[in-house]
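Single-letter residue listing:
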Amino acid sequence: MAAKKTEYRDFKQKFEELSKAVESSETLKNDPLLKQQLRDFERMAEMNDSLWDAMKEQGYTFVDDKGRVSINPAVGTFNKNVSTLLKTAQWIEEKTAGITLNDKKKSW
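Cut-offs applied
- Residues numbered from 1 in each chain as written.
- Predicted model: local features only at pLDDT ≥ 70, side-chain atom pairs only at ≥ 80, totals over all residues.
- Heavy atoms only, no water.
- Helix = DSSP H or I, 4+ residues; strand = E, 2+ residues; numbered from the N terminus.
- Buried < 20%, exposed > 50% of the residue type's maximum accessible area, 1.4 Å probe, protein only.
- Contact = heavy atoms within 4.5 Å.
- Salt bridge = Lys/Arg side-chain N within 4 Å of Asp/Glu carboxyl O.
- Polar contact = N/O pair within 3.5 Å; in protein donor to acceptor, adjacent residues only side chain to side chain.
- Expected span 1.5 Å × (residues − 1).

Draft legend 1. Just the environment of Ile 92, in detail. Mapped onto the elements of the fold, Ile 92 is located in helix α4 (residues 73-102). Ile 92 sits in the buried class, given a relative accessible area of 0%. Ile 92 sits 71 residues away from Ala 21 along the chain, and the two C-alpha atoms are 9.5 Å apart. Setting aside residues no more than four positions away along its own chain, Ile 92 makes contact with Leu 18, Leu 34, Gln 37 and Leu 38.

Structure (structure tokens):
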């Protein structure tokens, strides 16, 4: 079984989708924790785009002054951010779905 190749994800588009879901409900719009998670998601998505550009320009590895091959530090940071972004997106989707289902009753 071959390992799946991880592809670059468009987190800005995901942010737009999540924002629309939050804006669709008055209850969701007024949830301060949800709003903070969305702001963090947007900030991290922008950071990941910058890291992706840095990896494309500089490569995944480089040779230092002593001739050793080293991994670009942007790779680890990018991978960590992707993991966090995916977890945050999942949390927002779950929160959005849970509130949307009960929105007519205004309950959790």
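Read on for the rest.
Draft legend 2. Here's a closer look at the pattern of salt bridges. In the structure shown here, the tally under the stated rule is seven salt bridges. Residue Glu 17 pairs with Lys 14 through a salt bridge whose shortest N-O separation is 3.9 Å. One end of the pair, Glu 17, and the other, Lys 14, are both in helix α1 (residues 11-23), three residues apart, so they sit about a helical turn from each other. For Glu 17, a relative accessible area of 42% corresponds to the partly exposed category. Given a relative accessible area of 25%, Lys 14 falls into the partly exposed group.

Draft legend 3. Seen up close, the environment of Asp 49. Tracing the chain through its elements places Asp 49 in helix α3 (residues 32-58). With 29 residues separating them in the primary sequence, Asp 49 and Phe 78 have C-alpha atoms 8.8 Å apart. Side-chain polar atoms of Asp 49 contact the side chain of Lys 12, separated by 3.5 Å.

Draft legend 4. Up close: the side chain of Asn 72. By secondary structure assignment, the location of Asn 72 is in the loop between β2 (69-71) and α4. Residue Asn 72 is classed as buried on the basis of its relative accessible area, which comes to 6%. Residues in contact with Asn 72, not counting those within four places in the same chain, are Ala 54, Met 55, Gln 58, Gly 59, Tyr 60, Thr 61 and Phe 62.

Draft legend 5. Focus on α3. In this model, α3 (27 residues) spans 39 Å end to end at C-alpha, consistent with the 39 Å of a helix rising 1.5 Å per residue. Every buried residue of α3 is accounted for by Leu 34, Leu 38, Phe 41, Met 44, Ala 45, Asn 48, Asp 49, Leu 51, Trp 52, Ala 54 and Met 55. Looking at the residues trailing α3, positive phi occurs at Gly 59, about 90 degrees.

In short, geometric facts, not functional conclusions.
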